[in-house]
Amino acid sequence: MENVAIQNSYSIPISPRELYPRLDWDRDVIVLGIESTAHTFGVGIASTNPPYLLVDARSTYKPEKGGIHPREAASHHTRRAPEVLREALEYSGVSIRDVDAIAVALGPGLGPALRVGATIARGLSVYFGKKLVPVNHAIAHLEIGKLVTGMKDPLILYVSGGNTTVTALAKNRYRVFGETLDIALGNLLDTFARDVGLAPPYIVEGMHVVDRCAEDADEPVLLPYVVKGMDVSFSGLLTAAERAWRRAGERDKPRICLGLREVAYSATIEVAERGIAHTKKRETLLTGGVAASPILREKFREMATYQRVRPGYPPARLSGDNGAMIAWTGLLYYLLGVTIEVEDSSVRQRWRIDSVDTPWL
Amino acid sequence: MVVRELGEPLYRGAEAYLYEYNWLGMKAILKIRIPKKYRHSAIDDKLRSDRVFAEVKAMYTAMEVGVEVPTIYYVDPVQKIIIMEYIEGKTLAQLVREDIDRAEEYSYILGTYTAKLHEAKIAHGDLTTSNAIVSSTTGKLYLVDFGLANLGSSMREQAIDIHLFMRSLESTHPEYLEDMLRPFLDGYSSIRGREVLDKLLSIVEEIRLMGRYVEERRTVWGRK
């Protein structure tokens, strides 16, 4: 069994006081956060005092064949949770008694996986008498991204296995300006890789297998590029790429990977660019699991140059799912007194970001 | 003609720059699609050409079916340039903020335009309040930016137009969502009938349930 992956230092470029001037940063508050929405079980601890993110521990479910099976992910989380939790506390030197509240990602995500995190959070809350703080997983991605890049009001491109979303603050909420009309970017890459036999594993040495396969080609096979307004659509692209693969000889396969990758990444970057032109934001943040791709990051930087905006992205560990982001966002809520009772803490598999109030902003 | 010689653009969009341009003595808009380094050059070149052609063809058809669009003066598919009539006025997005009553009237007209385009198999592909301009000289509504248009659109692609318009309201004018959407849908059904609209709205609902995390079914479009 793999070890729990732990990190305890991230650089924070500007003080949270500047990012969230409405909150009372003179209070000493520590929040423990639990993430279990998909393949990652993570525990993070955040504080109102430097270094703010005290620890980020996780264990990730990696399917041996096929994709994420919700029940298997849940069973992985159940097995690994005690160890991840213990290591997070030991590593940070924080005693559970010093913790003021337990934050938990209640959605959106896979039901069985979400319920593991929720159950553990409720248990800790009741047993140790800590307040429970509900966190929207997607909002947590956005807030930790802002913290580690020092961005106050970016146009955000959030790309992961289940999300392809262009969002920004407008009228007191994160509004969705664009998203996928069918499947998410990460889902596209994973499904293609799985269907043609390139995966699992999906990620090898920090790069997606589709990115790796594309490295052997110079000229892409031309595949359908669909952008509608600020939305993308990938299902036609997936079908066309798989059909081309079945017909292709060995030598042409990398050209299909390149074609798929280029169309998918470019279309995603293009909708972010459209979002920037539309909202006139001055900075832009790339986050979510797929944001770890060096190739996507390079394209994102180039796009930002055209729009004359500042680009940023969290370190790879924090762009993917993690407990630190739940702890951090839970801390923001806790400072405003937002908590829930255990009996109200049911999971919300389809909890949209534009339905969440953002009182800390 | 190179971008450098044109000076500072009037508007720097995501995919194109717009310049004020003198075309044979007429005040015109020059729209040029900029190459993007973040796209592979083979994909980028083809995409920009395709969009120039789609835009021009869709605008001609729009004119034929009675949808007001800027007149096209000149097209250069190699340099990805379109020169067209300059429409003096405000976008519908601006009008929503300044005079919601008038904006609602134009939303009805935009609904009729969209239906006429759909009857002609054209889906606009970027239907927002920013792509509709109210002329300050004639008071007419002009539809612009057909670069993402689909010339042989399916019901699904037409439904996506309605979805995009709804979403532009939700994200940009959430407080006027219903006020703007109702007249738009009324205008639409005045051309194509309630039955076609209902069918499209049910596809819109499917699309929204598919791509998005939706907590509850919304009923802003007055069904259910």
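A quick note: this is a predicted structure, and the numbers were derived from the prediction, not measured.

**Points about the state of the cysteines**
All names here are of chain A. Within this structure, the stated rule accounts for one disulfide over all chains. Between the sulfur atoms of C213 and its disulfide mate C257 the distance is 1.9 Å. The S-S bond linking C213 to C257 shows a torsion near 90°; that makes this disulfide right-handed. Taken together, the positions of C213 in helix 6 (residues 209-214) and C257 in helix 8 (residues 253-279) put the pair 44 residues apart, joining distant regions of the chain.

**A short note on the interface of chain A and chain B**
Contacts between chain A and chain B engage 45 residues on the former and 45 residues on the latter. Across the interface of chain A and chain B, roughly 3900 Å² is buried in total on both sides, 50% from carbon and sulfur atoms. Applying the counting rule to chain A against chain B returns eight salt bridges. With its nearest N and O atoms 3.2 Å apart, the salt bridge here joins R167 of chain B to E179 of chain A. Counting across the chain A and chain B interface gives 24 residue pairs in polar contact (both at pLDDT 80 or more). Going through the elements one at a time, strand 9 (173-179), strand 12 (227-228), helix 8 and helix 9 (294-307) of chain A are the ones with two or more residues in the side of chain A that touches chain B. The greatest single-element share of the side of chain A that touches chain B, amounting to 10 residues, is contributed by helix 8 of chain A. Class assignment of the residues belonging to the side of chain A that touches chain B gives a composition of 16 nonpolar, 10 polar and 19 charged.

**Section: the domain arrangement of chain A**
Many analyses report the size of an interface as the accessible area lost when the parts associate. All names here are of chain A. Under the domain assignment used here, chain A contains domain 1 (5-145 + 318-355) and domain 2 (155-280). Relative placement of domain 1 and domain 2: their C-alpha centres are 28 Å apart. A combined buried area of about 1100 Å² lies between domain 1 and domain 2, and 62% of that area is made up of carbon and sulfur atoms. At the junction of domain 1 with domain 2, the criterion picks out one salt bridge. Between E179 and R352 there is a salt bridge whose closest N-O contact spans 3.5 Å. Where domain 1 touches domain 2, the interface holds four residue pairs in polar contact (both at pLDDT 80 or more). Taken together, the residues of the side of domain 1 that touches domain 2 break down into five nonpolar, five polar and five charged.

Reading the values: rules and limits
Residues numbered from 1 in each chain as written. Chains lettered and ligands numbered in written order. Predicted model: local features only at pLDDT ≥ 70, side-chain atom pairs only at ≥ 80, totals over all residues. Heavy atoms only, no water. Disulfide = S-S within 2.5 Å. Helix = DSSP H or I, 4+ residues; strand = E, 2+ residues; numbered from the N terminus. Contact = heavy atoms within 4.5 Å. Buried area = accessible area lost by both parts, 1.4 Å probe. Salt bridge = Lys/Arg side-chain N within 4 Å of Asp/Glu carboxyl O. Polar contact = N/O pair within 3.5 Å; in protein donor to acceptor, adjacent residues only side chain to side chain. Nonpolar A, V, L, I, M, F, W, Y, C, P; charged D, E, K, R; others polar. Domains from an automatic or database assignment.

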